[in-house]
Every structure is written in C-alpha cells, then in structure tokens.
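Here are the chains, one letter per residue:
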Amino acid sequence: NLQMVRDSLKTSLVCLSICISQEELRELRDQAIDPQAEQELIDSIEEVYFSSDSFDMVQFELGKLPPDLNLQDLEEYRDKLKRQQAAVSKKVADLILEKQPSYVKELERVTSLQTNLQLAAVICTNARRQLSFAKEGFTEASLGLLANQRRRHLLTGLLKSLRTIKTLQRTDVRLSEMLEEEDYPGAIQLCLECQKAASTFKHYSCISELNSKLQDTLEQIEEQLDVALSKTCKHFDVSHYTKVQLAYTLLGKTQTAMDQLHMHFTQAIHNTVFQVVLGYVELCAGNADTKFQKMQYKDLCTHITPDSYIPCLTDLCKALWEVMLSYYRTMQWHEEHDKEEVVDAGQVVDESTVGRSYVKKKLEHGLSRIWQDVQLKVKAYLLGTDMSNFKYDDFIVVLDVVSRLMQVGEEFCSSKSEVLQESIKRQSVNYFKTYHRTRLEELRMFLENETWELCPVKSNFSITQLHEFGFMGQCRSPSVSPSRHPATSDPVQLSLFEQYLHGGNPFEMQIDNKEEDTEDVLASNGYESDELEKSVYQDYDSDSDVAEELKQDYVDEQTGDAPTKSVSKETLRSRKKSDYNLNKANAPILTNTTLNVIRLVGKYIQMMNILKPIAFDVIHCVSQLFDYYLYAVYTFFGRNDMYESSGLGLISSRLRTTLNRIQESLIDVEAGGENAGSHGPTEERKEKVPSPHLSQLVVLTSGGTLYGLAERVVATESLVFLAEQFELLQPHLDTMMPPAKKPFLQQFYSQTVSTASELRKPTYWIVAAKAIDYEQMLLLMAGVKWDIKEIMSQHNVYVDVLLKEFEQFNKRLGDVSRQVRIPLPVSNVLWEHCIRLANRTLVEGYANVKKCSNEGRALMQLDFQQFLMKLEKLTDLRPIPDKEFVETYIKAYYLTENDMEQFIKNHREYSMKQLANLVNVCLGSHINKKARQKLLAAIDDIDRPKR
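Conventions used here
Residues numbered from 1 in each chain as written. Predicted model: local features only at pLDDT ≥ 70, side-chain atom pairs only at ≥ 80, totals over all residues. Heavy atoms only, no water. Helix = DSSP H or I, 4+ residues; strand = E, 2+ residues; numbered from the N terminus. Buried < 20%, exposed > 50% of the residue type's maximum accessible area, 1.4 Å probe, protein only. Contact = heavy atoms within 4.5 Å. Phe/Tyr/Trp six-rings, centres within 6.5 Å; stacked < 30°, edge-to-face > 60°. Lys NZ or Arg CZ within 6 Å of the ring centre and 35° of its normal. Salt bridge = Lys/Arg side-chain N within 4 Å of Asp/Glu carboxyl O. Core = buried A, V, L, I, M, F, W, Y, C linked by side-chain atoms within 4.5 Å. Domains from an automatic or database assignment. Expected span 1.5 Å × (residues − 1).

- Under an unreviewed UniProt entry, the protein has the name VPS50 EARP/GARPII complex subunit and belongs to Electrophorus electricus.

Spelled out as structure tokens, the structure:
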C-alpha cells in the first residue's frame, strides 16, 4: 500500500510541475519581492539543484517524502518550491536584461564579419579569372626560353663546382710534397682550406669520400708532426721547432703539443741511456748469445765491465746533456716567442694568455721532472757496478763526471741532486773503505821495506808542486771538481748552458790535459851544486883534528840559508858547529814513503772536495795515515825500555797518550801472534792494521854509523816535515769539515800532529846513550883520590877523556851529515842528551866516592868547570843542560844538618843512592852519626812511596 501511495504522489508532482504554467511563473516574477527576501529564497535552495544537468529533481523530492503523507504539508512545500522557482526565473531574467547591450554589440560584429567574408569570396573569384586569362596570354616558346636560361645558369655553377672538386681531388699530391719538405704549417693550412671547401659541396656524393680522405690526411700530418716534435728532444733546431709550433697553433692544439713534448723528453731520456749502455754491453760481450735488447735498463747496467765503465758514463752524460740542453733551448724559444707576441699584439687576447700561461707552467714543472728522470737513470748506472776495486784515478774521474752532472742539475732546475748525491755517497763510502784499507796495507809494506834514505828533492819543494795538490795552487772553491778549469778573469761567470749553448759538451773535457804539468820536485842528487858539495866536504875533512880556531864565536843557525860559492870557509866552519846541514840549506828531509803519504793525502782531499758528504770519513782516514806513520817511526826508532827508568822524561804524557790511542784504535796487535784471528771481533779487526816491522836492511846497532843516526834523522825529520804539511792543510780541511765534527780535527792537530817533534827525544836518546862510553868515565872517576889535603890546580884525566869522547862524537856527526843534513833542532837534541847523560854520569861518579875532603870537593868543581869551558866551545847549546844538577850536588857537601835535610826533601831528582852517599861522605866532617841516621831515615821515607 505504501508503495502505491508513493507512486501516486510521484505522478502528482510531475503533474504539478507540468501544471505550473508560464503565466503563473510570470505572475510570480511580476510580484514585487524584496531583493533581500529574494536572495534568501535563492539561498534556501538546496545545493544539489546546482550540481549537474543529470539531476533528477522529481526523484529527489519524492525521496524526501515522509512515510505518512499530509496534504497540507505537501501543498505548503509545493508553494515553497514555486516561490523558489519564481525567484530563480526572475534572477535569470534580470541577468539577461543586464547583458542585453553586450549581446547586441557582438551580434553586430558577427554580421560585419559575414559581410567581409562575402567580399573576400568575390576577390578570389576575380583573381582566378585573371590568372586564367594570364595563362592563356603566354605562349609555350616564351616559357621554354626562360627554362633554358635557368638551366644555363645552373650548369655554369655546376662546372665551377666540378673544377673545384677536381682541384680538391689532386691536393693529396701537394700535401705529400709539403710533408716531405717539412712544411707542416703550409700542409695543415692547405688541408684545413680543403676541408672548408669540401663542406661547401657536401651535397655531392663524391665529396663524402673526399672529406674522409682529407680527414685521414690531417691525421697523418698530425702523426708526422708528432714525430717532428720528438726530434727536437735530442737536437733542438730553432727553425724546425718554429714550424712545428706554428703547425700546432693552426690545429689549435698548443697545449696538447706541450703535453706530447714532455712525453717525448721522458721517452728520449730512456731511449738514449738504454742505447748508450746497450752499445757498450754488446761491444764488451762480443759474440755472446745473451739477448741484451730485452733486458731492463737496470739489469743492463750490471753488465758494464770496469774497463768500459768510465767511457760509458761519459757518453751517457754527454747524451743526457744534449737532451737537457734541448729542453733549455725549448724554454728559451718560448720565452722569446712570448715577448714577441706581446709586443706585436699590443693588447693580449685572454685565450692566448691562458695558453701561454699553461705552456710556461708546464715547462717550469717539467724541469724538475726531466732532471729527476736523469738522476734515476744515472743512479741505476752508478749502483749497477761495484767500484770498490777501481783505480783511484778512475774513481776520481767518476766523481768528477758526477760532480759536473750535479752542477748541470743545479743550473738546470736549482736542484741539490739528492738522488745522485745519495748514490755516489754509497759508492764512495764503499770504495773509500776498500781503498783506505788497501792504502794502509800498502803503507805498511812501504814502511817495512823503507831503508830510510833521503829522497832528494829541491830546496824549494812544496806540496803544491805535486799533481795531487793542484787544487791548492789554483785557489779554487772546494766545491769545484778537480778537472774543472779555473775561472777566467771575466767577472761574470757564464753558466754551463750559456757556455755550450751553440756547441760543445761540458763532459768532453774530463780526461783532457790530465797530465798537462810535469812535476819538477826531485833534485839531480840531492844537492843544488855538486862542485860546492865537494869543496865543502874537502874543507870539512881537513878539520878532523878540531883545531882551536873552529871553537870561537857562537853562530846563530836559525836562518838556514844555503851557502853559495862565495861563502867563506870561516862561515862554513862556524856553521858546522851547530847545524850539520852543510850546503843543503833547508831542503826538506823526507823519504819515498813520506812522499807517497803526502800524495795519498792529496788524493783523499781531492775526493773530499768532490764529495763533501763523506768529508768526515775521509779526514778520519787522513788522520789514520799520519797516525800510522808516527807509530811506525816510534816503533822503529823510539821504543826502548832503557830510558823508561832514566827519569829524563823523554816521552811527554801527551805523546804517550797519543801512542796509546793509536795502538788501541789502529794497530792490530793480534795479527802477529800465533792465534791471530782466533778471537776478537772480526769487523773491528778489519779496521786495524798490523804493526810494521823495521826492514832488515836498516842496521841500528853499528857504532860506525852512530847507531843508525842517518836513518833516525830521515825518519823523525820526515815525520816533522809531514806534520808541517798537515799544518798547512789545516785551514783547507777545516773548511771541508762538518761543524759538528770540527772538534775531532782540532783534537787531532793539538794532540797528534803537534807531537811529531816530541818524538825526537826518545829517538835520539839511544844514540846519545851509546855514542859516548859513560862506563869508562865511571871507572876513571873511581880511580881518582878525593880525600886530598891540598887544593889542586890541574883537573883530572877523566875530564879530558870525556871531552875527547865529545870531540869524537862531534866528528862522527859531521860524517853522518855527509849522508843527510842534520837540522839544528836535531843536533840540539843530540847534544842535550849527551850532555845530560854525561852530567848524570858525573853525579853518579861523585856519588860512588867513599871518602872526600873539602879540597876533594873543590877538585870536583874544578873538573866540572873545565868540562863546561871546553864543552861550550864544542856546542852552541845554551844553557848547558843539567849544569845545575851537577853543581847543586857538589855544593850540597857543604850543607849543614838542617840544610841537608831540607835539601833531601826538595831535590827528588837525585837517586836514593846519591843522596845516601852524600850523607855518608859528610859524616865526620860536619855531620855526626845521629844526624846521619836522621838524614838516612828521611831518605828512606822519600823512597818508601815509590816502593
């Protein structure tokens, strides 16, 4: 039933909506409604009515009906809907009326447009009519004429194009000619123009093939250009390089060219060194089947033989120099070119500035890179061979070449060449250890075969006359290599690159003029004049009886000037008394071994000049040469246990310390033993040398030669001469020494070199001890009666005997001086020793006296004064040594008991026996027994600490 009611209501609503006539709506619209009320009505309409056109209002309203229908409510609701519809209709009508003027205006425009379109249609119709008339007005002949004219024009253009294409086809021949002529800029210019022309005719099918061909040609030109660029790495040619750079500029590849150039330089260095080394290896290998070509460069270097090492190194450096010189000239070219461009352009373009900046930085960066490559190649070569057994001169040449190469590196890129320095330092240390060890062994052999004869050198001999010390004569900087020529007088010193810019090679001068100056240091026979020598000796022989006229005034021999033929006999006789040098003046006393040591020192310093990093090692080895020479002279001539107990203090504490140090640090004491090498550190013993042994040809036991005095003089004075040369070299060595190691050098000079002259005392003491018969004098003194009662006016015989001994000694010194000059310091030491020993023998003789009176003591004084008076005429030595020693002992006889006790305490230089005898002799005269016991006890107290 409910469904039936709803259907009927739906039907009624439809009918209702149909029944609302237009008139009703008009009435509703015509009714005056308040605009606000009207708006409220419109606003009260539900939103769904404004949603879409497909909205079904009937269905919507029916759906809102309640289940229970009320007619009154329905009518009220219907009236509401009518009012809403009327309000909407009125609103729509108002809006239409409002837009009416705009509608009219738009309608007028549409009408105008329609009129214009109709006019256009008429114009088009007329145009078509005119065209039809024109078509009919022209004939076919006229149109044919125009067509032929147009075809002619096209064919003319085609002919021109074909001729151009034909020219393009033939350009490859011209390009080939240009490449053969190395006209790279012209070839590139032509190729680029052809490419530009070909692009104009690319619509022809034949051009595509030509374009491809031109592109291939351009690539071929670039390849040849790259090859041309690589050629500049070894032999730089300005015109050639200018062409190449211009060509790369045309290609717009200047930066690429610079990158390629550096690659070529690197490759050039590798290829150059490989080919040089390979050439020498194959040459030395002969027909060996070894495939050296396939070896690495480092391995190849190990096959270099010692004989070919230096020539190969020199050629290697020459070749590398050419590469670096080419790089230097390349940089020079770019600098000059950049200046010209800036001047010509006036206002530099930013792009070209960037390009130049890139090239400049690339070249500057390449300097260190190129030099690093050079260093590594030379390092591999240097370390590829063990140079420890090279000859010294050969090794010096190697150092010299490497030193020159390092100088090149410093000028090339301000490099300190650490790689080269490290490698040459390794080789030098290795070489120098072996070399020094061999030289020490040679020095030992020389010393053991040395007969200590005088090596005859000229009186003006100087070490600077030796080749090894040429660097001192040239006054060069220590950093300059030995073979380098001294700088010219020109104040501006040119660099190597400036000197050899247009030719030559700095490594071609290494072995040239190696012996340009001949040494002239040896005298014909050791004397400046044979005739003078004969006349002096004849004169000397005639005075063998020591006449009184020879014993006159004291002559100062400090000048040491060589006598000439006008020198008087008196002068020569006077000179004879103190310095037995005859006419040999101040000619240095040295042996062949001394000369060899000096040469060796020069060689060491040469090596040190070139290689400063091992300067300390070299100086240390130089000091060992001197140490060993000093130790040998001491061992041969100065070591004797006799003088240890003499109390004369012959060896100073400084000399003893030096000798002990040398023995501990340098002398291999175990080498001479039976168990040599069985114990002790091997490495430590490697640094030591066995103690040398004196040659059997040297006889030191013959009294006829004064117990080898000539040999002793040559030995000690050659050592002193060697020390003097070391003193000369000290400033040079000091400049080479690292600051931290300078105390070593100062200590070496103060404690070792300066002790050379101190070796004279122990060396000549044995001569003095044996040359005079002191025992005979003691026997003669024992036979003298000293307890006399009256004062004597005549001295005893033993004094004359002793003086005769001294005169004989003086004559024998003259005999020895025929073989070798005896310098004043040597004669002074000999006389000092003899006189001191004589004086001590006198004291010993006086101490043997059992009884002595005051008159006997006076006789002792008379004897001693007679001895002194005669002795002073024999020698120029002043004061007489140990004069007070004798006088004090003689005068002590007169001392009282208290003074005697004080005398005993103060005079420790006398032996216990001498002091005791002094007390015993005085007993009874002025000392009683009680005092005697007291004094003897005091003597015993002095002797007890010694025991």
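## Considering the overall build of the protein
Here is step 1 of the chain: For the protein, the count of helices and strands is 35 helices and two strands.
Here is step 2 of the chain: Counting across all 947 residues of the protein, residues that qualify as buried make up 43%.
Here is step 3 of the chain: Residue pairs in contact within the protein that sit at least 24 positions apart in sequence constitute 80% of those at least 6 positions apart.

## Some remarks on the packing of aromatic side chains
The way to describe two aromatic rings as a pair is by their centre distance and the angle between their planes.
Here is step 1 of the chain: In the structure shown here, the tally under the stated rule is 37 aromatic pairs.
Here is step 2 of the chain: Taking 5.0 Å as the distance between ring centres and 85° as the angle between the ring planes, the aromatic pair formed by Tyr241 and Trp333 counts as edge-to-face. With Tyr241 in helix α10 (residues 238–251) and Trp333 in helix α13 (residues 306–345), this pair connects stretches of sequence that are 92 residues apart.
Here is step 3 of the chain: Both rings, one in Tyr328 and one in Phe497, keep their centres 4.8 Å apart while their planes meet at 25°; by these two values the pair is stacked. Placement of the pair is Tyr328 in helix α13 and Phe497 in helix α18 (residues 496–499), with a sequence separation of 169 residues.
Here is step 4 of the chain: Taking relative accessible area as the criterion, Tyr328 reaches 23% and is therefore assigned partly exposed.
Here is step 5 of the chain: Overall, the relative accessible area of 1% leaves Phe497 in the buried class.
Here is step 6 of the chain: Three or more aromatic residues joined by ring pairs make a cluster, and in this case those are Phe265, Trp321, Tyr327, Tyr328, Phe412, Phe497 and Tyr500.
Here is step 7 of the chain: A cation sits over an aromatic face here: Arg840 above Phe885, 4.5 Å from the ring centre.

## Examining the pattern of salt bridges
Here is step 1 of the chain: What the rule picks out here adds up to 24 salt bridges.
Here is step 2 of the chain: Notably, a salt bridge pairs Glu468 with Arg599, separated by 3.2 Å at the nearest N-O pair. Of the two residues, Glu468 sits in the loop between α16 (418–449) and α17 (470–474) while Arg599 sits in helix α21 (residues 592–610), which places them 131 residues apart along the sequence.
Here is step 3 of the chain: Here Glu844 and Lys913 are joined by a salt bridge, their closest N and O atoms 2.8 Å apart. One end of the pair, Glu844, is in helix α30 (residues 824–847); the other, Lys913, is in helix α34 (residues 912–922), and 69 residues separate them in sequence.
Here is step 4 of the chain: Of the residues examined, Lys913 reaches a relative accessible area of 42% and is grouped as partly exposed.

## Description of the nonpolar core
The nonpolar side chains of soluble globular proteins are, as a tendency, buried together.
Here is step 1 of the chain: Ranked by internal contacts, the top residues of the largest apolar core, which has 155 residues, are Val277, Met324, Tyr381 and Phe626.
Here is step 2 of the chain: It is helix α22 (residues 615–638) that contributes the most residues to this core, 16 residues altogether.
Here is step 3 of the chain: In this structure, this core is formed jointly by two domains, domain 2 (253–340 + 354–434) and domain 3 (450–470 + 587–668 + 692–758), each of which donates at least three residues.
Here is step 4 of the chain: Filtering out sequence-adjacent residues up to four positions away, Met324 remains in contact with Ile370, Trp371, Val374, Leu405, Val408, Phe412 and Phe497.
Here is step 5 of the chain: One finds Ala771, Leu830, Ile880 and Leu918 within the second-largest nonpolar core, a separate group that totals 76 residues.

## Considering helix α29 (residues 797–817)
Here is step 1 of the chain: Compared with the 30 Å implied by 1.5 Å per residue over 21 residues, the 30 Å span of α29 between its first and last C-alpha is a close match.
Here is step 2 of the chain: What α29 keeps buried is the set Tyr798, Val799, Leu802, Leu803, Phe806, Phe809, Asn810, Arg812, Leu813, Gly814, Val816 and Ser817.

## Here's the deal with the side chain of Arg812
Here is step 1 of the chain: Structurally, Arg812 can be placed in helix α29.
Here is step 2 of the chain: Apart from the residues lying within four places of it in its own chain, the contact partners of Arg812 are Gly703, Gly704, Leu706 and Ala771.

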